[in-house]
Amino acid sequence: MKGLYDNEMKLEFVSKTNNEAFARIAVAAFVSQLDPTIDELSDIKTAVSEAVTNSIIHGYEDEEGIVKITAKLFGNTVEIEVSDNGKGISNVEEARKPLYTSKPNMERSGMGFTIMESFMDYVNVESAVGLGTKVTMKKKIMSMEDEKETCIEA
Amino acid sequence: MIVEFNKNSKQLTFKLTEDVDQHTVEKVRRKMDNEIKGYSPRKVVFDFSNIAFMDSAGIGMVLGRYKLAKMLNGNLEIINVNKSMKKIFDMSGVSRIINIVEEDKNEGVI
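So, how was this worked out
Residues numbered from 1 in each chain as written. Chains lettered and ligands numbered in written order. Predicted model: local features only at pLDDT ≥ 70, side-chain atom pairs only at ≥ 80, totals over all residues. Helix = DSSP H or I, 4+ residues; strand = E, 2+ residues; numbered from the N terminus. Contact = placed C-beta atoms within 7 Å. Core = buried A, V, L, I, M, F, W, Y, C linked by C-beta atoms within 7 Å. Buried ≥ 20, exposed ≤ 12 C-beta atoms within 10 Å, placed from the backbone. Nonpolar A, V, L, I, M, F, W, Y, C, P; charged D, E, K, R; others polar. Pairing = 2+ DSSP bridges. Right-handed = clockwise from strand over helix to strand, strands pointing away. Axes fitted to C-alpha atoms, helices over the stretch in contact; angles between N-to-C directions. Parallel < 35°, antiparallel > 145°, perpendicular 65-115°, else oblique. Left-handed = near helix turned anticlockwise from the far one by under 90°. Expected span 1.5 Å × (residues − 1).

Our focus in this paragraph is the environment of Leu73(A). For Leu73(A), the position within the fold is in strand E2 (residues 66-74). Filtering out sequence-adjacent residues up to four positions away, Leu73(A) remains in contact with Tyr5(A), Asp6(A), Asn7(A), Leu34(A) and Val78(A).

This is the structure we're talking about:
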């Protein structure tokens, strides 16, 4: 079967912080087939951890819900979608500002979106109050490009 | 987390043993506060040498303990962070107020 993407995976799990490590490690394992560097993999893990934490502690707060992750590979780019059906964000622009947090009492730094933006090439946030939030992130894996160039040179 | 206290230097060290995210921070935060209150250390040290991952939950973890240490007339230092952790501490402004010592690089490896 030839689809729009070279490869794709989907993951669903209950909104418990225990699953943060599972989520980022699963995505990293999937992205590994693009042969990323340790730094690139670390950037992806961090961005996934931030988005998943947001869904769990902001989207669902104290309620239990399902967090969904879709990861797609095309060429040397990975696209990761993290979504929830939680309470949504009323002002996305404000939420994306560095140091903005709605939970200072939980010692949240307000750096989640800033880190996603800095560690990934592209971050888009779609949210509707009462319906949920979807974060889409893309990153080009450069190490694969280097390798291709080396092959051509050789 | 391994907790070490040196009586002579009054230095309290938290050696982290689990990757730092919201889940693990919630587990260790209270314990760290109790240790700091109990020892009133001159210096609190966060040692990241045993772990490979930290997300933004680490910012709050460090700043919260920094405030408490300062309140008790102590200081705080972060040691053995990797490149990614350093980036997060730089971006959030943590490195402007807290001394951060990066990981020792193996000699011979460039």
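Our next topic: the nonpolar core. Counting 56 residues, the largest nonpolar core has Val27(A), Val31(A), Ala47(A), Val48(A), Ile80(A), Val82(A) and Met116(A) as the members making the most contacts within it. Per-element accounting of this core gives the leading share, 8 residues, to helix H2 (residues 38-59) of chain A.

Quick look at the interface of chain A and chain B now. Facing the 21 residues of chain A at the interface are 18 residues of chain B. Of all the secondary-structure elements, those providing two or more residues to the side of chain A that touches chain B are helix H1 (19-31), H2 and helix H4 (112-119) of chain A. The biggest single contributor to the side of chain A that touches chain B is H2(A), with 9 residues. Looking at the side of chain A that touches chain B, its residues break down into 4 nonpolar, 10 polar and 7 charged.

So, on to the pairing of strand E3 (residues 43-47) of chain B. All names here are of chain B. Bridge analysis of strand E2 (residues 11-15) against E3 gives 5 bridges, and the strand direction is parallel. In the sheet register, phenylalanine 14 faces E3, and the bridge partner there is phenylalanine 46. With helix H1 (residues 22-39) bridging E2 and the parallel E3, this β-α-β connection has right-handed handedness. Pairing between E3 and strand E4 (residues 75-81): 5 bridges, direction parallel. Within the sheet, the bridge partner assigned to valine 44 lies in E4 and is leucine 76. Handedness of the E3-helix H2 (residues 57-71)-E4 crossover: right-handed.

Residues and elements named next belong to chain A. On the basis of which strands lie adjacent, the open sheet formed by 5 strands has the order E1-E2-E3-E5-E4 and antiparallel pairing. Looking at which strands have only one partner, the edges of the open sheet turn out to be strand E1 (7-14) and strand E4 (122-128). The sheet shows a mean angle of 10° between the axes of neighbouring strands, direction not considered. Two strands pair when backbone bridges link them, and E2 and strand E3 (residues 77-84) are joined in this way by 8 bridges, in the antiparallel orientation. Residue pairing for E3: leucine 73 is matched across the bridge by valine 78.

All names here are of chain A. Their axes nearest at 9 Å, the elements H2 and H4 cross at an angle of 150°. Considered as vectors, H2 and H4 are oriented roughly antiparallel to each other. The way H2 lies across H4 gives a crossing that is left-handed. Two secondary-structure elements touch here, H2 through Asp43, Thr46, Ala47, Glu50, Ala51, Thr53 and Asn54 and H4 through Gly112, Ile115, Met116 and Phe119. Per-class residue counts for the contact of H2 with H4 are 5 nonpolar, 4 polar and 2 charged.

Moving on to the environment of Glu107(A). Within the fold, Glu107(A) resides in the loop between helix H3 (92-95) and H4. Accessibility expressed as a C-beta count within 10 Å gives 20 for Glu107(A), which makes it buried. Sequence-distant contacts of Glu107(A), that is, excluding residues within four places in its chain, are made with Gly60(B), Met61(B) and Gly64(B).

It is worth spelling out H1(B) at this point. Residue and element names in this part refer to chain B. Across its 18 residues, H1 extends 26 Å between first and last C-alpha, which sits within 8% of the 26 Å expected from 1.5 Å per residue. Of the residues making up H1, those classed as buried are Gln22, Thr24, Val25, Met32, Glu35 and Ile36. Positive phi shows up at serine 40, right after H1, with a value of about 40°.

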